[in-house]
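What the coordinates show
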Amino acid sequence: MEVRISVRSLVEFILRSGDIDNRKAASAENAMQEGGRIHRMIQRRMGPSYQAEVSLRYVYDADSYEIVVEGRADGIITEAGQVTVDEIKGTYHDLHKMKNPVPVHLAQAKCYAYIYACQNRLEKINVRMTYCHMETEEIRYFQEEYSFGQLETWFAELMEQYRKWADFRFQWQQRRQESIRRMEFPFPYREGQKELATYVYQTIYHKRKLFIEAPTGAGKTISTVFPAVKAMGEGLCERIFYLTAKTITRTVADDTITLLRERGLQLKSVILTAKDKICFMEETECNPVFCPYAKGHYDRVNDAMYDLLTHVDNFTREQIEDYAKKYQVCPFELCLDMSLFADAVICDYNYLFDPHVYLRRFFAEGVRGEYIFLVDEAHNLVERGRDMYSAVLRKEDFLELKKTVKPYDQRIATNLDKCNREFLHLKRECDGYGVVELIDALVRALMRLSTAIEDYLEDHEESPVRADILSFYFEVSHFLEMYELVDENYVTYSEIQGDGSFIVKLFCVNPAVNLKNCMQRGRSTILFSATLLPIQYYKTLLGAEEGDYEVYAKSVFRPDKLGLYIGSDVTSRYTRRGDTEYYRIASYIHNVIEKRQGNYMIFFPSHAFLQHVLEIYQKYFNGDGDVECIVQESYMNEEAREAFLNRFRGNEDCDLQGVIQMDIEIEEERSLLGFCVMGGIFSEGIDLKNDSLIGAIIVGTGLPQVCNERELLKDYFDAGGKDGFDYAYRYPGMNKVLQAAGRVIRTVDDFGIVALLDERFLSPSYQRLFPREWREKEVVTVDQIGRKVERFWDEWL
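Residues numbered from 1 in each chain as written. Predicted model: local features only at pLDDT ≥ 70, side-chain atom pairs only at ≥ 80, totals over all residues. Heavy atoms only, no water.

**As for the overall build of the protein**
From N to C terminus, the protein includes 27 helices and 26 strands. In terms of overall dimensions, the protein is globule-like: its C-alpha atoms have a radius of gyration of 29 Å, near the 28 Å expected for 797 residues. Charge centroids of the protein, computed over 99 positive and 127 negative side chains, lie 3 Å from each other. (Helix = DSSP H or I, 4+ residues; strand = E, 2+ residues; numbered from the N terminus. Rg over C-alpha atoms; globule rule 2.2 N^0.38 Å. Lys, Arg positive; Asp, Glu negative; His and termini not counted. Charge placed at Lys NZ, Arg CZ, Asp CG, Glu CD.)

Given below as structure tokens:
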């Protein structure tokens with residue numbers, strides 16, 4: 001059996017020491033982002049004696065198992081009978097101030113030198129550290145010759161320090177694999193569930209992607225986690241990443257793994273928690289001056305890890321916090337470190353897909369790992385992908401920062417002014433809004449500004465304006481990094497916004513390539529959602545390749561338990577909006593809910609539309625307050641959201657602060673109406689079972705508001721031979737509808753109604769987007785729906 005570790009991970013893990021200090025982090029962070037370009041540039045300049053990107057692998061005999069240390073040397077130089085290992089690092093630091101190479105960088109190069117010398121039986125070998133300034137491209141070398149004996153002794157000591165960790169991993173893997181072999185599916189298989197699990201396993205085996213339309217009731221979580229764990233037991237993967245868009249689905253994944261543990265599975269898992277949520281301090285200032293947990297963190301963290309690793313299997317937030325306090329270390333960094341020893345990592349999409357946040361400890365080596373990516377609620381990944389790989393800069397921000405920093409650094413102020421002039425040039429050519437073909441001059445000015453900020457941050461750790469400069473620096477860095485990715489999947493545009501401000505945006509209209517590149521870091525990806533329709537749309541935008549699979553999972557819920565009604569005399573079209581239509585919608589609501597007392601949610605296209613209908617409903621249909629109405633606000637904190645949902649769960653003692661409640665006095669035996677916005681916080685990711693929610697009324701087709709970006713999407717996909725309106729408007733809108741409707745039937749015991757209030761749902765362009773479970777539907781008018789709903793309840797009550 002093997003325990004594998006990369007050279008970089010080995011030296012960074014064993015040799016780290018000292019403090020966490022974000023005052024010095026900017027340079028290293030951006031250098032990693034831009035490092036690939038520098039590597040390629042230097043490697044291209046070298047002559048025929050330079051061999052670039054040399055893969056190296058060393059097998060360390062640990063008696064009953066082997067430790068495989070592997071990586072890629074940036075370059076091997078062979079000339080005049082001498083061999084030199086070259087390790088290239090990009091940096092923003094002043095090269096003239098460097099006295100020696102960074103110890104961890106040198107250790108990485110020495111590992112490569114030892115492995116190469118061992119494989120080629122060299123008595124001596126040179127190690128060269130090549131530092132290249134990211135902006136000026138100036139280069140500085142540090143070179144030293146080592147005998148094989150020196151490297152052998154040094155490497156043996158390094159491996160001896162890692163040995164206890166490897167021993168534990170080996171012993172744990174044996175226990176884990178044996179438990180997986182004994183593991184059986186925890187429930188009787190529902191219809192179609194065994195086939196779904198088989199599809200997942202086969203996809204992993206063949207190293208492909210699988211897109212699953214998994215309606216509620218398909219058991220998608222256990223049907224993806226179980227075969228992924230089984231694949232781990234067969235040696236097909238070394239780690240499972242369960243990626244989600246929301247906290248609630250992370251909890252479901254954790255509960256599923258806990259269920260399997262209760263049935264004998266031995267698996268270590270970690271839930272990655274955002275820094276601002278898990279930080280012990282009031283502000284996340286990660287430096288030894290501000291935070292006692294940052295001071296000496298790296299001196300203590302390995303002890304904390306080993307203690308936690310040997311006593312706990314589920315690295316929950318609570319466990320992480322307890323051990324972080326015990327050892328006085330940063331809980332966020334401890335949480336990330338525990339992922340190195342976790343068999344399953346449950347986390348947000350960001351940790352794989354975001355160009356800044358992704359887990360470099362797994363994905364920065366440029367080598368595909370034996371990882372399985374389970375992407376839950378994958379319909380969210382389209383817009384999240386666009387956001388992560390787009391970038392925007394606002395002209396006015398440059399002027400505001402210039403006023404702030406001018407008393408402290410004239411160089412930054414001068415470069416901010418030069419950037420502003422480039423913005424002015426683009427603004428003069430902008431007639432409100434327009435696509436921009438070239439922004440090279442602006443980019444050059446931004447690069448010079450970035451260098452000036454880097455130099456200032458390096459020399460002024462205690463500057464009173466450091467926080468302002470650092471925040472702005474990250475925005476500029478992101479823009480420059482995204483500019484390197486701009487291709488035919490991007491549109492660059494400028495716009496004068498409603499408040500008069502001027503922006504330039506790199507808009508990632510099609511995130512497929514960037515997302516696909518991220519998924520190629522692993523062996524296989526399973527993408528699933530209850531609303532992955534139409535599936536070809538999502539395959540196009542989520543990076544599907546030839547040979548990838550798709551499947552429509554079967555729901556065990558009976559279709560006739562959902563009363564589905566389509567209003568034929570109502571619409572949310574802009575041309576029809578007015579009191580007459582608002583009154584008709586309010587009438588629909590009244591006619592539906594009067595047939596059975598209970599909890600209902602009504603979903604609207606916008607807050608403004610919601611308010612118009614609410615006012616009419618209250619005035620004409622709820623004057624006596626017989627129905628309790630609560631309203632989703634445009635902003636609600638976690639407490640307010642939970643209070644809103646608790647009303648549906650029957651908790652009348654909940655704190656309703658932050659929730660607009662149309663009646664102060666709460667009485668027994670009344671219907672509850674939640675007035676919500678489609679696509680908002682209550683239209684997906686909530687689980688109201690049984691009588692907690694018996695009906696949803698959906699007003700409109702969910703079309704996104706017409707705007708410049710939506711029109712760019714439409715034009716882009718039209719030009720690519722697709723239906724631009726579908727891609728920009730209809731499909732995203734219909735997804736909101738399906739998500740809202742999906743709140744009603746959550747268990748096999750549930751039954752309820754969904755009313756779609758828009759005549760457009762009757763057109764073939766919408767009917768073809770309906771899920772298979774919507775076979776039984778009735779077309780109604782406002783006068784008919786009451787009788788139809790009453791008949792439905794009579795059948796089930």
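Don't stop here, the text continues.
**Overview of the sheet that holds strand E15 (residues 490–496)**
The strand order across the open sheet formed by four strands is E13-E16-E15-E14, and the pairing between neighbours is antiparallel. Two strands in the sheet have a free side with no partner beyond their single neighbour: strand E13 (391–394) and strand E14 (433–435). Each neighbouring strand pair of the sheet contributes to a mean axis angle of 15°, computed without reference to strand direction. Bridge count for E13 against strand E16 (residues 502–508) is four bridges, and the pairing is antiparallel. (Pairing = 2+ DSSP bridges. Axes fitted to C-alpha atoms, helices over the stretch in contact; angles between N-to-C directions.)

**Side note on the side chain of Asp376**
Along the chain, Asp376 turns up in the loop between strand E12 (371–375) and helix H14 (381–388). In this structure Asp376 comes out as buried when scored by relative accessible area, which is 1%. A distance of 3.0 Å separates a polar atom in the side chain of Asp376 from a polar atom in the side chain of Lys220. A distance of 2.8 Å separates the side chain of Asp376 from the side chain of Tyr242, its partner in a polar contact. Non-local contacts of Asp376, meaning those with residues more than four positions away in its chain, are made with Lys220, Tyr242, Leu243, Thr244, Thr249, Tyr349 and Phe528. (Buried < 20%, exposed > 50% of the residue type's maximum accessible area, 1.4 Å probe, protein only. Polar contact = N/O pair within 3.5 Å; in protein donor to acceptor, adjacent residues only side chain to side chain. Contact = heavy atoms within 4.5 Å.)

**Some words on empty space enclosed by the protein**
The tally for this structure, following the rule as stated, stands at three cavities of 30 Å³ or more. In this structure, the largest cavity occupies an estimated 350 Å³ of space. In this structure, the largest cavity is lined by 20 residues; those nearest its centre are Thr216, Leu562, Gly742, Glu773 and Trp774. Its residues placed into classes, the lining of the largest cavity shows 11 nonpolar, four polar and five charged. Each pocket or cavity is described by its volume, and for the second largest cavity that value is around 120 Å³. In terms of lining, the second largest cavity is formed by 16 residues, of which the most central are Cys279, Met281, Cys286, Cys291 and Cys330. Taken together, the residues of the lining of the second largest cavity sort by class into 12 nonpolar, one polar and three charged. (1 Å grid on protein atoms, 1.4 Å probe; cavity = no way out; pocket = protein on both sides within 12 Å on 5 of 7 lines; lining within 4 Å. Points joined across faces, edges and corners; volume = space filled by probe spheres on them. Nonpolar A, V, L, I, M, F, W, Y, C, P; charged D, E, K, R; others polar.)

**Considerations on unusual backbone geometry**
Leu533 connects to Pro534 through a cis peptide bond whose omega is -10°. Here Pro534 is to be found in the loop between strand E17 (524–529) and helix H20 (535–541). One non-glycine residue, Asp63, lies in the positive phi region at around 70°. Residues other than glycine seldom take positive phi values, yet Gln328 does so here, at roughly 55°. Inspection of the secondary structure assignment puts Gln328 in the loop between helix H10 (317–327) and helix H11 (331–338).

**Observations concerning the sheet that holds strand E8 (residues 239–244)**
If you trace the eight strands from one edge of the open sheet to the other, you get E10-E9-E11-E8-E12-E17-E7-E18, paired in parallel fashion. The open sheet is flanked by strand E10 (314–315) and strand E18 (549–552), the only strands paired with a single partner. The sheet contact formed by E8 and strand E11 (residues 344–348) spans five bridges and is parallel. Across the sheet, the residue bridging to Ile240 is Ala344, located in E11.

**So, the side chain of Gln173**
When you line up the elements, Gln173 lands in helix H4 (residues 148–182). Its relative accessible area of 16% is what places Gln173 among the buried residues. Setting aside anything within four residues of it in sequence, one finds Gln173 in contact with Met1, Glu2 and Val3.

**Things to note about the packing of H4 against helix H9 (residues 297–311)**
Each pair of packed helices can be summarised by the angle the axes make with each other and by the distance between the axes. It is the contact of H4 with H9, at a shortest axis distance of 12 Å, that shows an interaxial angle of 20°. Considering their axes alone, H4 and H9 lie roughly parallel with respect to each other. Seen along the crossing, H4 lies across H9 with a hand that is left-handed. Facing Lys164, Trp165 and Phe168 of H4, the residues of H9 in contact are Asn302, Met305, Tyr306, Leu309 and Thr310. A class-by-class count of the residues in the contact of H4 with H9 yields five nonpolar, two polar and one charged. (Parallel < 35°, antiparallel > 145°, perpendicular 65-115°, else oblique. Left-handed = near helix turned anticlockwise from the far one by under 90°.)

**Some remarks on the pairing of strand E20 (residues 599–604)**
When you tally the buried positions in E20, you get six out of six residues, the bulk of the element. Side chains of E20 alternate between two faces, with Asn599, Met601 and Phe603 and Tyr600, Ile602 and Phe604 buried alike. For E20 and strand E23 (residues 671–677), the ladder comprises six bridges, and the chain directions are parallel. Considered in E23, the bridge of Asn599 is made with Leu672.

**Topic: the packing of helix H5 (residues 193–205) against helix H6 (residues 220–233)**
Axis separation between H5 and H6 bottoms out at 8 Å; the angle between their running directions is 45°. Here H5 is positioned oblique relative to H6, judged by the angle of their axes. Like other packed secondary-structure pairs, H5 and H6 cross with a definite hand, here right-handed. Of the residues in H6, those in contact with Gln193, Leu196, Ala197, Val200, Tyr201 and Ile204 of H5 are Ile222, Ser223, Thr224, Pro227, Ala228, Lys230 and Ala231. Here the contact of H5 with H6 is composed, by residue class, of nine nonpolar, three polar and one charged.

**Focus on the environment of Asp255**
Within the secondary structure, Asp255 is located in helix H7 (residues 247–262). Taking the C-alpha atoms as reference, Asp255 lies 25 Å from Arg523; in sequence the two are 268 residues apart.

**Examining the packing of aromatic side chains**
Overall, the coordinates contain 53 aromatic pairs when judged by the stated rule. Ring centres of Phe792 and Trp793 lie 5.1 Å apart, and the angle between their planes is 70°; this geometry places the pair in the edge-to-face category. Grouping aromatic residues by their ring pairs yields a cluster made of Tyr582, Tyr583, Phe604, Phe609, Tyr617, Tyr620, Phe621 and Phe675. Directly above the ring of Trp172 sits Lys268, whose terminal nitrogen or CZ lies 4.4 Å from the centroid. Taking NZ or CZ as reference, Arg596 lies 4.7 Å from the ring centre of Trp793, over its face. (Phe/Tyr/Trp six-rings, centres within 6.5 Å; stacked < 30°, edge-to-face > 60°. Lys NZ or Arg CZ within 6 Å of the ring centre and 35° of its normal.)

**Overview of the pairing of strand E5 (residues 124–133)**
Most of E5 is tucked away, with nine of its 10 residues classed as buried. With eight bridges connecting them, strand E4 (residues 82–91) and E5 associate as parallel partners. By the bridge assignment, Thr91 is partnered in E5 with His133. Once you follow E4 into helix H3 (residues 103–120) and on to E5, the crossover reads as right-handed. Here E5 runs beside strand E6 (residues 139–147); their pairing, made up of nine bridges, is antiparallel. Across the sheet, the residue bridging to Thr130 is Tyr141, located in E6. Here E5 folds back onto E6 in antiparallel fashion, the turn holding five residues, of which Glu137 has a positive phi close to 65°. (Right-handed = clockwise from strand over helix to strand, strands pointing away.)

Geometric values such as these leave the question of function open.
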